Amino acid sequence: MAQQRFVWPLISFVFVFGLWELAGRWPISLAFPPFSKTALALLRMTVDGSLPKAYLSTLQPLVIGIVLCGIAGIGFGIGMGLSRTIEWFSLPIFIILQAAPMAAIIPLITYIYGIGLTAKVLAVVVLAAPVVVMNSYKGIRNTNASLVQMCRAFLGTRRQEVVKIILPHAGALIFAGLRLGLAMGFIGIVIAELMITPTGIGDLISYHSSVADYPEMFAAIFSIIALAALAIHGLERLERKLFPPEIRGA
Amino acid sequence: MPAEAIVEVRGAGKSYDGTVEALRDVSLALPQGGLSTLLGPSGCGKTTLLKIIAGLIPPSAGEVWVKGKKVDGPGPERAFVFQDFALLPWATVLRNVAFGLELRGVTPEQRHDIARGYIEKVGLKGFETSYPHQLSGGMRQRVGLARALAVDADIILMDEPFSSVDEQTRRKFQEELLDLLKIERKTVIFVTHSIEEAAYLSDQIVLLSPRPGTVSRIIHPAIERGGKNPDEIRRDKNYLDVVDEIWQILKRYVV
Ligand SMILES: Nc1ncnc2c1ncn2[C@@H]1O[C@H](COP(=O)(O)OP(=O)(O)OP(=O)(O)O)[C@@H](O)[C@H]1O
Ligand SMILES: [Mg+2]
C-alpha cells in the first residue's frame, strides 16, 4: 500500500516529463525546450545563485501577504459571520471582490505604492483576501444550529458558544480558505513581478524570455509552478490531518 | 395529582414564522419525581413543547413555570437529551459527557471524574476516548443521556432517547432508565412515539393531537410495579388497558 502511493505519481511524472521531452525534441516550437535542457538550466540557475536569490525576493512578500490575510482576513471573516452589522456593510463588497478579476487592479497598485515590497505584498493580499475572508465567513455561518442549541441548553455563554462550538466547527473551512488564499497569492505575486516590479522569479522569467534563453525561462516557470503545487498540496495534507472529515462535523 | 407540580405549562402556544402553528393552548402540570411522557403523531409539536419547557424556544403564547419561577431561558435545574444527540464530533465521549460541566467552569479533574461515573452508569465504560462517529446510534444516545445526568439537574427532558435502537436494546434501556431514575430521583419528561414505551415507563401520559398540537387526553397509568419483573408488568391488566386506551385515541389520528 505505502509503495503504491509513490508508484502511481512516479509513473505519471515519468509520463508527463517523457511527453515534454519528445515534444521539445520534435520540436513543436523553437521556444519550447525539451525537459532535459530545462532540467539542466534549472540546475545551472540553482548553482549560480540566481534562482535562490530570485526566490528570496519572491517569497518574502508572499509570506508577509499570506500571514496578513491569515490574521486580518480570517479575523474579519469571523467578525462578519458573528456580527450582523459587520456582515451588513461588508458582505456585498466581498461578494463583488471574490467574483471580480482582481488581477486587473494590480497595475493600479503601482500608481499608489510604487514598485517596492509594499506593492508586492498588496498584490498578494488583494488576490488572496477575498477567498480567505469569504471562507471564514461561510465557516461561521454554516455553524451547526443543533450544537449551538445544545450549548445554550447547558448554560453556555455566547463567548463559550463561539469558542467551543462555532470556531472548532468552522476550523476546516477557514483552513481551506487559507489554502485557496495561498494559491491566489502565488498568482498575485507572479503577476506583480511580471507587470509592476521586475524582481524575483517574475523578473527571471521575463529577462530570460527577452534574451531568448528559453530553457532558463522554462526552468523558472516550472520551478514556481512546482513550488506552488507542493506548498498547496502540503497544506491540503495538513488540513486533512488537523481536520479529519469524520470529526469535523461539517 | 400525587405530588406537587415541578413544571407547569400554562396555555402555551407556538407559531413558527407566524404561519406554521405547531402548538395551541397547551396546559400541563408535571409532578415532581415522576416520569411523564409526551405522546402524539409525528409533527404534532412534541419537540417544540419540550424545547419550550427547556427554555430553548420562546412560546408565542402562554408561559412555563419551573419550580415556582417563570421560564425565560435554560436553567441549571433542567437538562436536555436531544433527538439528534447533538454531540461534539471533534470531542471524545469523555469530553462530551463532561461538556455541561465544562461550560459551568468545573475543573477538568472534577468534571472528568463525574463524567466517568455516568459513562459507566449508562454502560459505556471503555469508550471514554472514542469519538461519536465511532459509536452506534444507541451508544450516542447514551452519551447524550450521560451528559444530561452529569450536570445533576432535577428535571431531565428527553426527546425520543430510544428511537435509534432495536426493540431488545430499547427494553434493556428502559429498565436501566427506570433503575437510574429511581436512584437519582429525577423528574423526567420524555417524548416518544411508542405507546408501549409510554405505558410501561410513565406515571403520566400526555396525549397530543395532530398539528396544531393540543392536549387531547392525560392518562395516569396505575400500574403496580412493586416486586414484579418486566415481563409480568407487560402482562399486567392495567398495563394492557392503558395501551388499549391510548391506541383507541391515537388511531383516530392515523389516516
Ligand atoms: N424551526 C422551525 N421552523 C418552522 N417550522 C417548524 C420548526 N420546527 C418545527 N416546525 C414545525 O412545527 C411542527 C412541530 O414540529 P416538532 O418538531 O415539534 O414535531 P414533533 O412532534 O417533535 O415531530 P416528530 O415526532 O417527528 O419528532 C412541525 O409541523 C414542523 O414542521
Ligand atoms: Mg420531535
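See above for the structure.
What you see is a predicted model, and the numbers here were worked out from it, not measured in a lab.

Turning next to the coordination of the magnesium ion (ligand 2). All names here are of chain B. For the magnesium ion (ligand 2), every protein donor is listed as Thr47 (OG1) and Gln83 (OE1), and the spread of their distances is 1.9 to 2.6 Å. With Thr47 in helix α1 (residues 46-54) and Gln83 in the loop between β6 (78-81) and α2 (93-103), this residue pair connects regions lying 36 residues apart in the sequence. With a relative accessible area of 24%, Thr47 lands in the partly exposed category.

Further remarks concern the interface of chain B and chain A. With 28 residues of chain B at the contact, the number on the chain A side is 19 residues. For the pairing of chain B and chain A, the buried interface totals around 2000 Å² over both sides, and the portion due to carbon and sulfur atoms is 69%. On the chain B side of the contact with chain A, B:Leu56, B:Trp90 and B:Leu103 bury the most area, a combined 34% of that side's loss. If you look at where chain B meets chain A, you find 1 salt bridge. Across the salt bridge formed by A:Lys164 and B:Glu102, the nearest N and O atoms sit 2.7 Å from each other. Along the contact surface separating chain B from chain A lie 5 residue pairs in polar contact (both at pLDDT 80 or more). Elements that contribute at least two residues to the side of chain B that touches chain A include exactly β6, α2 and α4 (137-150) of chain B.

Here we take up the packing of helix α5 (residues 106-113) of chain A against helix α6 (residues 117-141) of chain A. Residue and element names in this part refer to chain A. Orientation of α5 relative to α6, taken along the N-to-C sense of each, is 145°, at an axis distance of 10 Å. For the crossing formed where α5 meets α6, the hand is right-handed. Taken together, the residues of α6 that come into contact with α5 (itself represented by Ile106, Ile109 and Tyr113) are Thr118, Ala119, Leu122, Ala123, Val126 and Leu127. Split into classes, the residues belonging to the contact of α5 with α6 amount to 8 nonpolar, 1 polar and no charged.

All names here are of chain A. Contact geometry of helix α3 (residues 50-82) with helix α4 (residues 84-99) gives a least axis separation of 7 Å together with a crossing angle of 120°. Considering the angle they form, α3 stands oblique to α4. With respect to the hand of their crossing, α3 and α4 are arranged in left-handed fashion. Contacts from Phe76, Gly79, Met80 and Leu82 in α3 reach Arg84, Ile86, Glu87, Ser90, Leu91 and Phe94 in α4. Its residues assigned to classes, the contact of α3 with α4 shows 6 nonpolar, 2 polar and 2 charged.

The rules we used
Residues numbered from 1 in each chain as written. Chains lettered and ligands numbered in written order. Predicted model: local features only at pLDDT ≥ 70, side-chain atom pairs only at ≥ 80, totals over all residues. Heavy atoms only, no water. Donors = N, O, S within 2.8 Å, 3.2 Å for Na, K, Ca; no water. Helix = DSSP H or I, 4+ residues; strand = E, 2+ residues; numbered from the N terminus. Buried < 20%, exposed > 50% of the residue type's maximum accessible area, 1.4 Å probe, protein only. Contact = heavy atoms within 4.5 Å. Buried area = accessible area lost by both parts, 1.4 Å probe. Salt bridge = Lys/Arg side-chain N within 4 Å of Asp/Glu carboxyl O. Polar contact = N/O pair within 3.5 Å; in protein donor to acceptor, adjacent residues only side chain to side chain. Axes fitted to C-alpha atoms, helices over the stretch in contact; angles between N-to-C directions. Left-handed = near helix turned anticlockwise from the far one by under 90°. Nonpolar A, V, L, I, M, F, W, Y, C, P; charged D, E, K, R; others polar. Parallel < 35°, antiparallel > 145°, perpendicular 65-115°, else oblique.

Interpretation in functional terms is not warranted from these geometric data alone.
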